[in-house]
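Here is how the chains run, residue by residue.
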Amino acid sequence: MADHDNYRERLVALMEGLLGLYAYMQGLFEELPLPVTLRDFEPADDEDTPSQALLALNRVRQLIEDEPISERDKRAFEHLILDWFTAYELLVITRLAGPAPWRLDAAEFSLNRVITWIEVIEEDDPDDDES
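Residues numbered from 1 in each chain as written. Predicted model: local features only at pLDDT ≥ 70, side-chain atom pairs only at ≥ 80, totals over all residues. Heavy atoms only, no water.

**Re the overall build of the protein chain**
- When helices and strands are counted, the protein chain shows five helices and zero strands.
- The N-to-C order of helical and strand elements in the protein chain reads α-α-α-α-α.
- Out of the 131 residues belonging to the protein chain, those deemed buried represent 37%.
- Of the contacts formed within the protein chain by residues at least 6 apart in sequence, a portion of 64% connects residues at least 24 apart. (Helix = DSSP H or I, 4+ residues; strand = E, 2+ residues; numbered from the N terminus. Buried < 20%, exposed > 50% of the residue type's maximum accessible area, 1.4 Å probe, protein only. Contact = heavy atoms within 4.5 Å.)

Structure (structure tokens):
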């Protein structure tokens, strides 16, 4: 029973992290030279909200290509989104298929990569160069 409780706590923590990173990504997209507004991701609202938010996030991958930013940053944004999608898919599968430590480990790894991509993007922030 303790293993199940630990699994459940870890799954909830990873889902909260996933949603927090989505909100953070919304802010990053709004700070682009050509700002991109991304709809909120609220899985509890209704059945269509997550799927619409996911489709919108995928659309951002295409919009990034038109941004007047470096190729390095374009790739960082693309990888950021893909790693977020990977974590999302793994957590959904985990909720449907049940406990599997490797799924939670892989989801956590993907979320850590999202954080790394955010750091790469923010490291190249032009506001930092002015100080």
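So much for the structure itself; the text now carries on.
**Describing the packing of helix H3 (residues 71-97) against helix H4 (residues 101-123)**
- Two numbers describe how H3 lies on H4: the axes approach to 8 Å, and their chain directions differ by 160 degrees. As the angle between them shows, H3 and H4 are arranged roughly antiparallel. The hand of the H3/H4 crossing is left-handed.
- Class assignment for the residues of the contact of H3 with H4 results in 18 nonpolar, four polar and five charged. (Axes fitted to C-alpha atoms, helices over the stretch in contact; angles between N-to-C directions. Parallel < 35°, antiparallel > 145°, perpendicular 65-115°, else oblique. Left-handed = near helix turned anticlockwise from the far one by under 90°. Nonpolar A, V, L, I, M, F, W, Y, C, P; charged D, E, K, R; others polar.)

**Re a negative patch on the surface**
- A cluster of like negative charges, contributed by Glu30, Glu31, Glu119 and Glu122, occupies part of the molecular surface.
- Residue position: Glu122 is located in helix H4. (Patch = residues over 30% accessible without salt bridge, like charges linked within 9 Å, V, L, I, M, F, W, Y side chains within 5 Å. Areas by Shrake-Rupley, 256 points an atom, 1.4 Å probe, with all protein chains shown as cover. Salt bridge = Lys/Arg side-chain N within 4 Å of Asp/Glu carboxyl O. Lys, Arg positive; Asp, Glu negative; His and termini not counted. Charge placed at Lys NZ, Arg CZ, Asp CG, Glu CD.)

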